[in-house]
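As a plain string of letters, each chain reads:
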Amino acid sequence: MTKSINLVLKAGERLFVNGAVLRFNRKTTVELMSDAVFLLESHVIQPHETHTPLRQIYFAIQTILMDPNTAAPALNLANQLIAAAQQAFSNPEILNGLDQVALLTETGRHFDAMKVIRSLYGVEALIMSNASAEAASRAA
């Protein structure tokens, strides 16, 4: 049995449902009464925000949900990016998260994979800032 989901949206906010983009003129509550693939606008990142490996993976997975017509190539790209990130990172928390993301995407649980990635942004930012500081000290 499918349970319904109530979403409260602000005026002007967009909701992405099964590849369609909906915009609401007024604050509204939407009840999704059947299974649907959806993203809230607050979960969507733009191409110019994909400046780290995790954000690139997130964007590829987001594309799977937002544009069903390009889901297959986006999934292929996501898998390639996950594999590359697994080689690039040595942090156990990031590596465990990437393993979870790979499993979730393999089983079609893309939204859950995106949640795992978002939870790792802080760790990635710390790693990137430490790497930048080390590079700057070596250059000095």
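Residues numbered from 1 in each chain as written. Predicted model: local features only at pLDDT ≥ 70, side-chain atom pairs only at ≥ 80, totals over all residues. Heavy atoms only, no water.

**What about the pairing of strand E3 (residues 20-23)?**
Residues in a regular strand project their side chains so that they alternate between the two faces of the sheet.
Inference 1: Inspection of the sheet shows strand E2 (residues 14-17) paired to E3 by four bridges, in the antiparallel sense. Bridge pairing links Val-17 to Ala-20 in E3.
Inference 2: What sits between E2 and E3 in their antiparallel hairpin is a turn of two residues, with Asn-18 showing a positive phi close to 50 degrees. (Pairing = 2+ DSSP bridges. Helix = DSSP H or I, 4+ residues; strand = E, 2+ residues; numbered from the N terminus.)

**So, helix H1 (residues 53-66)**
Inference 1: For H1, spanning 14 residues, the distance from its first C-alpha to its last is 20 Å, which sits close to the expected 20 Å at 1.5 Å a residue.
Inference 2: Among all positions in H1, only Leu-54, Ile-57, Tyr-58, Ala-60, Ile-61, Gln-62, Ile-64 and Leu-65 are buried. (Expected span 1.5 Å × (residues − 1). Buried < 20%, exposed > 50% of the residue type's maximum accessible area, 1.4 Å probe, protein only.)

**Re the side chain of Gln-62**
Inference 1: Mapped onto the elements, Gln-62 comes out in helix H1.
Inference 2: For Gln-62, a relative accessible area of 2% puts it in the buried group.
Inference 3: With residues near it in sequence (within four places) discarded, Gln-62 still touches Leu-39, His-43, Val-44, Ile-45 and Met-114. (Contact = heavy atoms within 4.5 Å.)

**Quick word on the layout of surface pockets**
Inference 1: Size it by volume and the largest pocket reaches roughly 280 Å³.
Inference 2: Forming the walls of the largest pocket are 15 residues, and the residues nearest its centre are Ile-5, Ala-36, Val-37, Phe-38 and Phe-111.
Inference 3: At three residues, the largest contribution of residues to the lining of the largest pocket is made by helix H4 (residues 110-139).
Inference 4: Along the lines of polarity and charge, the residues of the lining of the largest pocket split into seven nonpolar, four polar and four charged. (1 Å grid on protein atoms, 1.4 Å probe; cavity = no way out; pocket = protein on both sides within 12 Å on 5 of 7 lines; lining within 4 Å. Points joined across faces, edges and corners; volume = space filled by probe spheres on them. Nonpolar A, V, L, I, M, F, W, Y, C, P; charged D, E, K, R; others polar.)

**A closer look at the environment of Ala-60**
Inference 1: Along the chain, the position of Ala-60 falls in helix H1.
Inference 2: Of the residues examined, Ala-60 reaches a relative accessible area of 3% and is grouped as buried.
Inference 3: Distance from Ala-60 to Ala-113, taken between C-alpha atoms, is 11 Å for residues 53 residues apart in sequence.
Inference 4: Ala-60 has contacts with Ala-74, Leu-77, Ala-78 and Leu-81, leaving out every residue within four places of it along the chain.

Scope: geometric values only; no functional claims are made or implied.
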